[in-house]
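# Residue-level structural notes
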Amino acid sequence: MSKTRTSQAKPSGRLLYAQSGGVTAVINATAAGVIEAARAKGVPVYAAHNGILGALREELIDTGKETKAAIAALRHTPGGAFGSCRYKLKSLDANRAEYERLIDVFRAHDIRWFLYNGGNDSADTALKISQLGKAMNYDIRCIGVPKTVDNDLAVTDCCPGFGSVAKYTAVSTLEASLDVASMADTSTKVFILEVMGRHAGWIAAAAGLAGEGADAPPHIILFPERPFDEAAFLAKVKATVERVGWCTVVASEGLLNAEGQFLAEAGTRDAFGHSQLGGVAPVLAALVKEKLGYKYHWALPDYLQRSARHLASKTDAEQAYAVGKAAVDFAMAGMNAVMPVIVRTSDAPYRWKIEAAPLSKIANREKKMPASFLTRDGFGITTAARRYLGPLIQGEAPPPYGKNGLPQYATLKNSMVARKLEPFAR
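Since the structure is predicted, the reported quantities are computational estimates derived from the model, not experimental observations.

### Let's talk about the nonpolar core
By size, the foremost hydrophobic cluster in this structure holds 70 residues, and its most contacted members are Leu15, Tyr17, Leu74, Phe82, Leu115, Phe223 and Val328. Broken down by element, this core gets its largest block of residues, eight residues, from helix α11 (residues 314-332). One finds Ala48, Ala123, Leu127 and Ile140 within the second-largest nonpolar core, a separate group that totals 39 residues.

### Things to note about the pairing of strand β4 (residues 111-118)
In terms of residue burial, β4 counts as a mostly covered element, since eight of its eight residues are buried. Bridge count between strand β1 (residues 14-19) and β4: six bridges; the pairing is parallel. For alanine 18, the partnering residue across the bridge sits in β4 and is tyrosine 116. In the sheet, β4 pairs with strand β5 (residues 141-146) via six bridges, with the strands oriented parallel. The residue of β5 that forms the bridge with glycine 118 is proline 146. Tracing the backbone out of β4, into helix α5 (residues 120-135) and back to the parallel element β5 gives a crossover that is right-handed.

### Some words on the sheet that holds strand β8 (residues 247-252)
Pairing within the open sheet is parallel, and its four strands lie in the order β7-β8-β6-β11. If you trace the sheet from one side to the other, it starts and ends with β7 (220-222) and β11 (296-299), each paired once. Strand-to-strand, the axes of this sheet are offset by a mean angle of 15°, without reference to chain direction. Sheet topology note: the strand β6 (residues 190-195)/β8 ladder contains six bridges and is parallel. Within the sheet, the bridge partner assigned to glutamate 194 lies in β8 and is alanine 251. Packed onto the sheet, helix α9 (residues 280-292) meets β6, β7, β8 and β11 and runs at close to 160° relative to β6.

### Some details on the environment of lysine 353
Relative to the elements of secondary structure, lysine 353 occurs in strand β13 (residues 351-358). Distance from lysine 353 to valine 341, taken between C-alpha atoms, is 8.3 Å for residues 12 residues apart in sequence. If we ignore the near neighbours within four places in the chain, the residues touching lysine 353 are Val341, Ile342, Val343 and Thr345. Side-chain polar atoms of lysine 353 contact the side chain of glutamate 355, separated by 3.1 Å.

### Considering the packing of aromatic side chains
This structure, assessed with the given rule, holds seven aromatic pairs. Taking the centre distance of 6.0 Å and the plane angle of 85° together, the rings of tryptophan 202 and phenylalanine 373 count as edge-to-face. One end of the pair, tryptophan 202, is in helix α7 (residues 202-206); the other, phenylalanine 373, is in the loop between β13 and α12 (383-389), and 171 residues separate them in sequence. You'll find tryptophan 202 and phenylalanine 373 in the same group, each marked buried. Between tryptophan 202 and tyrosine 388, the aromatic rings sit 5.3 Å apart at their centres with planes inclined by 50°, giving tilted as the arrangement. Placement of the pair is tryptophan 202 in helix α7 and tyrosine 388 in helix α12, with a sequence separation of 186 residues.

### Digging into the environment of alanine 299
Looking at the secondary structure, you find alanine 299 in strand β11. With a relative accessible area of 25%, alanine 299 lands in the partly exposed category. Linking alanine 299 and threonine 169, residues 130 residues apart in sequence, is a C-alpha distance of 12 Å. Ignoring sequence-local partners within four residues, the contact set of alanine 299 consists of Phe191, Ile192, Leu193 and Glu194.

### Re the side chain of aspartate 316
Counting through the fold element by element, aspartate 316 comes out in helix α11. Dropping the residues within four chain positions of it, aspartate 316 is found in contact with Val26, Cys159, Pro160, Gly161, Phe162, Gly163, Ser164 and Leu392.

Cut-offs used in this document
- Residues numbered from 1 in each chain as written.
- Predicted model: local features only at pLDDT ≥ 70, side-chain atom pairs only at ≥ 80, totals over all residues.
- Heavy atoms only, no water.
- Core = buried A, V, L, I, M, F, W, Y, C linked by side-chain atoms within 4.5 Å.
- Buried < 20%, exposed > 50% of the residue type's maximum accessible area, 1.4 Å probe, protein only.
- Helix = DSSP H or I, 4+ residues; strand = E, 2+ residues; numbered from the N terminus.
- Pairing = 2+ DSSP bridges.
- Right-handed = clockwise from strand over helix to strand, strands pointing away.
- Axes fitted to C-alpha atoms, helices over the stretch in contact; angles between N-to-C directions.
- Contact = heavy atoms within 4.5 Å.
- Polar contact = N/O pair within 3.5 Å; in protein donor to acceptor, adjacent residues only side chain to side chain.
- Phe/Tyr/Trp six-rings, centres within 6.5 Å; stacked < 30°, edge-to-face > 60°.

Set out below in structure tokens:
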């Protein structure tokens, strides 16, 4: 992996940080890493309100107004402290006005470093802005900061946000299965848990950590990487119920049929142009009821899986903070159009480090589950997958709890910076 540097001296100015896409249980830990590292270097930090939209609208938050304790509390606070958005900038040719607006905002507020915390599309945005800065003769260094529960970013070994979702999924699968097993004789025979994962089955795979062996849940995992085979699925469910007495199924939301169509496509699209998925669990449940006659129950954790900070992985929280700190270090070192990525150096004991990778090798690319991680029948994970996934859910990092029995999360002032430009009409 290469480190892209410029020969120019480090400019003075401000750093702008923004959060993008679906938030995670640990994205605010990354924000804390960014702000604390920048403060240590004497660099003021603004945060864009609601991601790139905040930059376009000149809605900037002065994080310097926050106390040291408030910023530290971000390390255990879920959600996006400064607001996020799903908004993808079009190509430079299609909408140059938006890019020029960003540079105008940067100029007006002396922003010299832009750190965009998100996934594939966000990496593409950071790359485009870095290129535009050169074209418009404005010295701006852009660093992409990794975040996605889907774990589908290229180059990096894992993505901050994934480890905590993986832990939540494995624990939920285990606990729900104990519930089902206790009632199976007279109640539910088949339990279906639908998890996130549009094109990559990393989260579904993590459910496999709940147990090991033919009779241990989850008995069936359904991945986007393998076309759904109705006959094989039903046969597996039937055989499991007859042998074990019940069956736990974990399905990725992006499950495809043999024709490559989503089993549960709702017919609408989000701001990034992605198909909105309508729920694969009820589709599978109806199939089980119709073809096998088993009593079923299904669950859709949805936002719960990505916001469960109380069950976060300590490994994930530490990595999320580390990439934020590294992003500032890279920016101050004069790097541009790079991302701090996690490099695994050992499985047992688990060790990792952070290196810089070009955004050009990450933007708009997806990392899917390798074939070696899926069992031959496509319904489970292999030893290699367990070796990869296991370390990512290790350790607990619970938030502090108050007298009311609830977590004490950060509350920020989010003081807005005075505007210097006319409103931008998109």
